[in-house]
Amino acid sequence: VILAGGAALRLYGLDWDSGHWLHPDERQIYFVAIDLGWPDSLAQALSPDSPLNPQFFAYGSLPIYLLKLVAVLMAPLLPILGDEGNLHLIGRPLAVLFDLGTIYLTYRLARILWPAFARSRREPPRAQKDAPEPPALIHEHPPWGPLLAAALVALAALHFQLAHFYTADTLLTFFVMLTLNLAADVARGAGRGRLVALGIALGLALATKVSAVPLVLAVAVAFAVRSPASSPDPVTESPSSGHQYKWVDAIRPLTVTLLLALGVFFLVQPYALIDWQTFASHTLREAQIARGWMDVPYTIQYAGTLPFLYPMWQTALWGLALLPGLVAWLALVIALIRWLRHGSWRDTLLLAWAGVFGVLTGLLYAKYLRYFLPLAPVLMILAV
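Calculation rules
Residues numbered from 1 in each chain as written. Predicted model: local features only at pLDDT ≥ 70, side-chain atom pairs only at ≥ 80, totals over all residues. Heavy atoms only, no water. Helix = DSSP H or I, 4+ residues; strand = E, 2+ residues; numbered from the N terminus. Buried < 20%, exposed > 50% of the residue type's maximum accessible area, 1.4 Å probe, protein only. Contact = heavy atoms within 4.5 Å. Areas by Shrake-Rupley, 256 points an atom, 1.4 Å probe, with all protein chains shown as cover. Polar contact = N/O pair within 3.5 Å; in protein donor to acceptor, adjacent residues only side chain to side chain. Salt bridge = Lys/Arg side-chain N within 4 Å of Asp/Glu carboxyl O. Expected span 1.5 Å × (residues − 1). Arc of directions from axis to C-beta. Core = buried A, V, L, I, M, F, W, Y, C linked by side-chain atoms within 4.5 Å.

S.K.: Can you help me understand the overall build of the chain in this one?
M.R.: When helices and strands are counted, the chain shows 18 helices and zero strands. Sorting the 384 residues of the chain into buried and exposed places 50% on the buried side. In the chain, of all internal contacts separated by at least 6 residues, the share reaching a separation of at least 24 is 75%. Accessible surface, the chain as shown: approximately 18200 Å² in total, 68% of it carbon and sulfur.

S.K.: Before we go on, may I ask you to explain the side chain of threonine 170 in this structure?
M.R.: Within the element layout of this structure, threonine 170 appears in helix H9 (residues 168-187). Here threonine 170 falls in the buried class, since its relative accessible area comes to 0%. Within the local environment of threonine 170, its side chain forms a polar contact with the backbone oxygen of leucine 162, the two atoms lying 3.4 Å apart. Setting aside chain neighbours within four positions, we find threonine 170 in contact with Ala95, Phe98, Asp99, Leu162, Ala163 and Leu373.

S.K.: Where do I start with the environment of threonine 255 in this structure?
M.R.: Relative to the assigned elements, threonine 255 resides in helix H12 (residues 247-268). Linking threonine 255 and alanine 220, residues 35 residues apart in sequence, is a C-alpha distance of 9.3 Å.

S.K.: Teacher, can you tell me more about the pattern of salt bridges here?
M.R.: Should their charged atoms come close, side chains of opposite charge can pair. Summed over all chains, the structure comprises eleven salt bridges. With a shortest N-O distance of 2.9 Å, aspartate 185 and arginine 108 are connected by a salt bridge. Residue aspartate 185 is found in helix H9, and its partner arginine 108 is found in helix H5 (residues 88-113); the two are separated by 77 residues along the sequence. Given a relative accessible area of 22%, arginine 108 falls into the partly exposed group. When salt bridges with common partners are traced through the structure, they connect Asp25, Asp169, Lys209 and Arg370 into a single cluster.

S.K.: For this particular structure, what's the right way to read helix H14 (residues 276-290)?
M.R.: Owing to its 3.6 residues per turn, the α-helix aligns residues three or four sequence positions apart on the same side. Its 15 residues place the ends of H14 21 Å apart at the C-alpha level, agreeing with the 21 Å of an ideal helix rising 1.5 Å per residue. By the burial criterion, the buried members of H14 are Phe279, Ile289 and Ala290. The arc that holds every buried residue of H14, seen down its axis, measures 105 degrees, which confines them to one face. Exposed side chains of H14 directed beyond 90 degrees from the buried face belong to Trp276 and Gln277.

S.K.: Would you take a moment to explain the nonpolar core for this structure?
M.R.: Proteins that are soluble and globular tend to have nonpolar side chains buried together. Core analysis: the largest hydrophobic core is formed by 110 residues, its most contacted members being Leu113, Leu180 and Trp353. Residues contacting leucine 113, with those up to four places away along its chain left out, are Ala184, Trp345, Arg346, Leu349 and Leu350.

Just distances and angles here, no functional claims.
Shown next as structure tokens:
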């Protein structure tokens, strides 16, 4: 029901501008995708002059290549999609699908971290040694907490507004949540397949937008918790108990995962290496604009706004709805205090992303609400 309601909100009015591409960031992605072509040779493909080089790195290359790939694959099936002027008919449904994925991943992450909001409590000892183990609480009680977190994301105006545009933020949020889900799985002792998936997800997040870099800290926390020397077991650890983080034991698997992520990043965004000068120039320019070190007309609106307080209020009022928005920011502060007191691995994992990303983004001069979209699902989980 939550996913169906979320889909209805996101699909309604998807052709809101009648194909005129009035959103400037979305329009830029479409123009770059249109200009992409197939190189004539491997040598041309490996040169900065390749027609596959987007020569645009304000965002990662993944959203651009994905759009172009889907357009090429869909054109023979639906001729209308072969028209370059109809790229929004591909891009916006893709944004909807990714945001629906974020709703599900919010539910899944909340259920992993707090299965029934009672699972972490120690179960009473069994009367007999060989007595059957009582069923897990997750099977006894409906997961109302995780469902509520998913519903809050589904109903968040910020989410279903941005799902009406094909920009990097919706895709980034999905890959952030996917990485956090896999990191939680790794912390709980998941097998090699999840370790590989974690590296891939991190690489895809970085290839969507370089602002995903703080995810590296969350991945490091997952491996530190997973360490065989850690105690107690991260699955059953009480939030009120401390946890021993063995960072030394985490170095080797973390290094392998980061190398895999780096390989995926360059595979999906190869011209960050081949045309590194343009990549570095565009990335530096965007960073300077976001921090207010370079004046451009479209950021003048943020002159005189307060760091942290302004985006927190705007996000709560317009992006998440006032009551859950205020509760969400308060919950982030409470989680920080709880982490300082008890050091629960759950809070450590979430704050490794939300705390670091929130501080870095809250200090920016440019305070677009879409910058805070990757933070919103974690805020909703903490609010619940």
